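If you want the building blocks of each chain, they are given just below.
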Amino acid sequence: MSLKIASAMTVCIGNICRSPVAEAALARSFPRLHTGSSGLGALVDHPADADAAKAAAAHGLDLSAHRARQFDPVRARRYDLILVMEAEQREDILRRAPDLGGRTFLVTHWTGGHAVSDPYRRSFDRHERAVTDILEGVAGWAARLDVAA
């Protein structure tokens, strides 16, 4: 059984490390999927973090066009699936918009349900680990999603 969706949003805190990586990974896995990303405390209009972009590039993901956006429940309602990096982010979204509960999940939901640790201002190894965790999580979702045309 698969979940039929046409759109997915990824969410983290600043929208400059983890959620841009997850958005790019989803877009690569599903070229027809409408994707977006945002941050609960976004560094609005900032590009992707340099280390996040470098770690993503090592896996064939390009974050060069990314600019951070603030999470907005009205915008989020336009997405069929919302993937977060930590359980606390899901809780924050549900406080802001309880109706989003049925479509908001951890990116790692199918691969252990663990948090993807925030690598911001941490070692490059932390960025690499976050990218690996996100790619594994997206692969878990990819096995269960059916993208509508």
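For the structure itself, consult the block above.
Calculation rules
Residues numbered from 1 in each chain as written. Predicted model: local features only at pLDDT ≥ 70, side-chain atom pairs only at ≥ 80, totals over all residues. Heavy atoms only, no water. Buried < 20%, exposed > 50% of the residue type's maximum accessible area, 1.4 Å probe, protein only. Helix = DSSP H or I, 4+ residues; strand = E, 2+ residues; numbered from the N terminus. Pairing = 2+ DSSP bridges. Core = buried A, V, L, I, M, F, W, Y, C linked by side-chain atoms within 4.5 Å. Contact = heavy atoms within 4.5 Å. Phe/Tyr/Trp six-rings, centres within 6.5 Å; stacked < 30°, edge-to-face > 60°. Lys NZ or Arg CZ within 6 Å of the ring centre and 35° of its normal. 1 Å grid on protein atoms, 1.4 Å probe; cavity = no way out; pocket = protein on both sides within 12 Å on 5 of 7 lines; lining within 4 Å. Points joined across faces, edges and corners; volume = space filled by probe spheres on them. Nonpolar A, V, L, I, M, F, W, Y, C, P; charged D, E, K, R; others polar. Axes fitted to C-alpha atoms, helices over the stretch in contact; angles between N-to-C directions.

A. Broad picture of the pairing of strand β3 (residues 34-39). Burial within β3 is extensive, with five of its six residues counted as buried. Of the pairings in the sheet, the one linking strand β2 (residues 7-12) to β3 comprises six bridges and is parallel in character. Across the sheet, the residue bridging to Ser 7 is His 34, located in β3.

B. Here's a closer look at the nonpolar core. Counting 28 residues, the largest nonpolar core has Val 21, Leu 33, Leu 61, Leu 81, Met 85 and Ile 134 as its most contacted members. Elements with a minimum of two residues in this core: β2, α1 (18-29), α2 (50-57), β4 (81-84), α5 (124-142) and β6 (145-147). No other element matches the six residues that α5 contributes to this core. The residues contacting Val 21, other than those within four sequence positions of it, are Ala 52, Ala 56, Leu 61, Leu 63, Val 131 and Ile 134. Among the nonpolar cores identified, the runner-up in size contains 12 residues, and Leu 40, Ala 76, Tyr 79 and Ala 97 belong to it.

C. Inspection of the packing of aromatic side chains at higher detail. A full pass over the atoms with the stated rule returns two aromatic pairs. Arranged with centres 5.5 Å apart and planes meeting at 55°, the rings of Phe 105 and Trp 141 form a pair that is tilted. A residue pair is termed long-range when its members are at least 10 positions apart, and Phe 105 in strand β5 (residues 104-106) and Trp 141 in helix α5 qualify at 36 residues. The partly exposed category is assigned to Phe 105, whose relative accessible area is 24%. Taking relative accessible area as the criterion, Trp 141 reaches 3% and is therefore assigned buried. With a centroid separation of 5.8 Å and 75° between ring planes, the pair formed by Trp 110 and Trp 141 is classed as edge-to-face. Placement of the pair is Trp 110 in the loop between β5 and α5 and Trp 141 in helix α5, with a sequence separation of 31 residues. Site record: aromatic cluster; members linked through ring pairs are Phe 105, Trp 110 and Trp 141. Across from the ring centre of Phe 124, 4.9 Å away, lies the NZ or CZ of Lys 54, which sits over that ring.

D. Region of the structure containing empty space enclosed by the protein. Under the criterion given, the structure shown has one cavity of 30 Å³ or more. Per element, the largest residue contribution to the lining of the largest cavity is three residues, and it comes from α5. Split into classes, the residues belonging to the lining of the largest cavity amount to six nonpolar, one polar and one charged.

E. Here's a closer look at the sheet that holds β2. Taken together, the four strands give an open sheet; going across it, the order is β3-β2-β4-β5, and neighbouring strands pair in parallel fashion. Edge strands, defined here as strands with exactly one partner in the open sheet, are β3 and β5. Each adjacent strand pair in this sheet contributes to an overall mean axis angle of 25°, direction not counted.

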